[in-house]
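# Results of the structural survey
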Amino acid sequence: MTIQAVLFDLDGTLADTALDLGGALNSLLRKHELREKSMEEIRPVASHGASGLIMLGAGISRFHPNHDQWRQNFLAEYEQCFDKDTVLFEGINELIDNLAERGIKWGIITNKPKTFTERLVPKLGFSTEPAVVVSGDTCEEPKPSIKPMRYAYQALEVSPEDCLYVGDAERDMIAARNAGMVSVLAAWGYLSENDRVEDWPVDFTINEPLDLLNHL
């Protein structure tokens, strides 16, 4: 196996988006006169997107009849602040520079809707632009489906077995494994004490971005 591409999740892996996601959630909770959540409560579920945050804040699951309206309202709040406090995690650009020096392509596969990724990714200050960006609505199904993974490696013209996928959620590891990629768990991401990572299909775990270089 020769690694030709490294693909990353966005929220909790490349970028610390929890402050802006949490800000949107708390703004929505205030409007409903519900208790706001602390960042300690928000960070572990930030990778679970709008549905996970709505469940945290209001106890409304994706099966609740009001879920779709809550999700629309949450996204409207997030629209107002999605790029306010979001930054890259320390070491990400150094890692990307090293990948470029090695001739390894890199890209993003996220479940974040395209309306946000198209505007957020250019503002994050990546030292080299991603060769591909796959959003949650680029394909018919988001992760853990393999469709976004296939879209990415086909766009990069590489084989899945020559790709590493780095993420911080169970769906990331499932999608990578089922697509035939090497699954890498980003331990600096939005993991909670309830996540049973030992049961996830993880090939290896890294504690900080530059640790990935030891596996190329």
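Refer to the structure printed above.
All of the points below concern the structure found in this document. (Residues numbered from 1 in each chain as written. Predicted model: local features only at pLDDT ≥ 70, side-chain atom pairs only at ≥ 80, totals over all residues. Heavy atoms only, no water.)

With that settled, the discussion passes to helix 3 (residues 49-58). All of the buried residues along helix 3 are Ala50, Ser51, Gly52, Leu53, Ile54 and Gly57. Elements in contact with the buried residues of helix 3: helix 1 (18-31), helix 2 (39-42) and helix 4 (67-79). Glycine 59 sits one or two positions beyond helix 3 and adopts a positive phi of about 70°. (Buried < 20%, exposed > 50% of the residue type's maximum accessible area, 1.4 Å probe, protein only. Helix = DSSP H or I, 4+ residues; strand = E, 2+ residues; numbered from the N terminus. Contact = heavy atoms within 4.5 Å.)

For the rest of this paragraph, the subject is the nonpolar core. Counting residues in hydrophobic clusters, the biggest one holds 49 residues, and the most contacted among them are Val6, Phe8, Phe74, Phe126, Val166 and Leu212. Apart from residues no more than four positions distant in its own chain, phenylalanine 8 is found in contact with Thr13, Leu14, Leu95, Leu99, Trp106, Gly107, Ile108, Ile109, Tyr165, Val166 and Leu212. Ranked by size, the runner-up nonpolar core spans 17 residues in total, among them Val132, Cys163, Ala175 and Ala179. (Core = buried A, V, L, I, M, F, W, Y, C linked by side-chain atoms within 4.5 Å.)

Before going further, it helps to spend a moment on helix 4. Every α-helix carries 3.6 residues per turn, so stepping three or four residues along brings you back to the same face. Here helix 4 spans 18 Å end to end across 13 residues, near enough to the 18 Å set by a 1.5 Å rise per residue. When we look at burial in helix 4, the residues that qualify are His67, Trp70, Phe74, Glu77 and Tyr78. Viewed along the axis of helix 4, the buried residues span an arc of 100°, placing them on a single side of the element. Exposed residues on helix 4 whose side chains face more than 90 degrees from its buried face are Asp68 and Gln72. Contacts from the buried residues of helix 4 go to helix 1, helix 3 and helix 6 (114-120). (Expected span 1.5 Å × (residues − 1). Arc of directions from axis to C-beta.)

So, on to the pattern of salt bridges. Inspection of the entire model under this criterion finds 15 salt bridges. Between aspartate 9 and lysine 143 there is a salt bridge, and its shortest N-O distance comes to 3.0 Å. Remark: lysine 143 occurs in the loop between strand 5 (132-134) and helix 7 (147-156) and aspartate 9 occurs in the loop between strand 1 (5-8) and strand 2 (15-16); sequence separation between them is 134 residues. In this structure, glutamate 36 engages arginine 30 in a salt bridge whose closest nitrogen and oxygen atoms are separated by 3.2 Å. Exposure remark for glutamate 36: the relative accessible area of 35% places this residue in the partly exposed category. In this structure arginine 30 comes out as partly exposed when scored by relative accessible area, which is 46%. (Salt bridge = Lys/Arg side-chain N within 4 Å of Asp/Glu carboxyl O.)

Turning our attention to the layout of surface pockets. By rolling a water-sized probe across the atoms, one finds the places where empty space is left. Counted as a void, the largest pocket has a volume near 520 Å³. Together, 26 residues line the largest pocket, and His48, Gly49, Ala50, Arg71 and Asn111 are the ones closest to its centre. Those elements giving two or more residues to the lining of the largest pocket turn out to be helix 3 and helix 4. The element contributing the most residues to the lining of the largest pocket is helix 4, with 5 residues. Considered class by class, the residues forming the lining of the largest pocket number 9 nonpolar, 9 polar and 8 charged. In this structure, the second largest pocket is lined by Ser47, His48, Pro144, Asp168, Ala169, Glu170, Arg171, Ile174, Tyr190, Leu191, Asp195 and Trp200. Residues that form the lining of the second largest pocket fall into these classes: 6 nonpolar, 2 polar and 4 charged. (1 Å grid on protein atoms, 1.4 Å probe; cavity = no way out; pocket = protein on both sides within 12 Å on 5 of 7 lines; lining within 4 Å. Points joined across faces, edges and corners; volume = space filled by probe spheres on them. Nonpolar A, V, L, I, M, F, W, Y, C, P; charged D, E, K, R; others polar.)

Moving on, we get to the pairing of strand 7 (residues 182-186). Most of strand 7 is tucked away: 5 of the 5 residues are buried. The alternating pattern of strand 7 places Val182, Val184 and Ala186 and Ser183 and Leu185 on opposite faces, both of which are buried. Relative to strand 7, strand 6 (residues 163-167) is paired through 4 bridges, and the arrangement is parallel. Looking at the pairing, tyrosine 165 lines up with serine 183 of strand 7. For the crossover that starts at strand 6, traverses helix 8 (residues 170-179) and ends in the parallel strand 7, the hand is right-handed. (Pairing = 2+ DSSP bridges. Right-handed = clockwise from strand over helix to strand, strands pointing away.)

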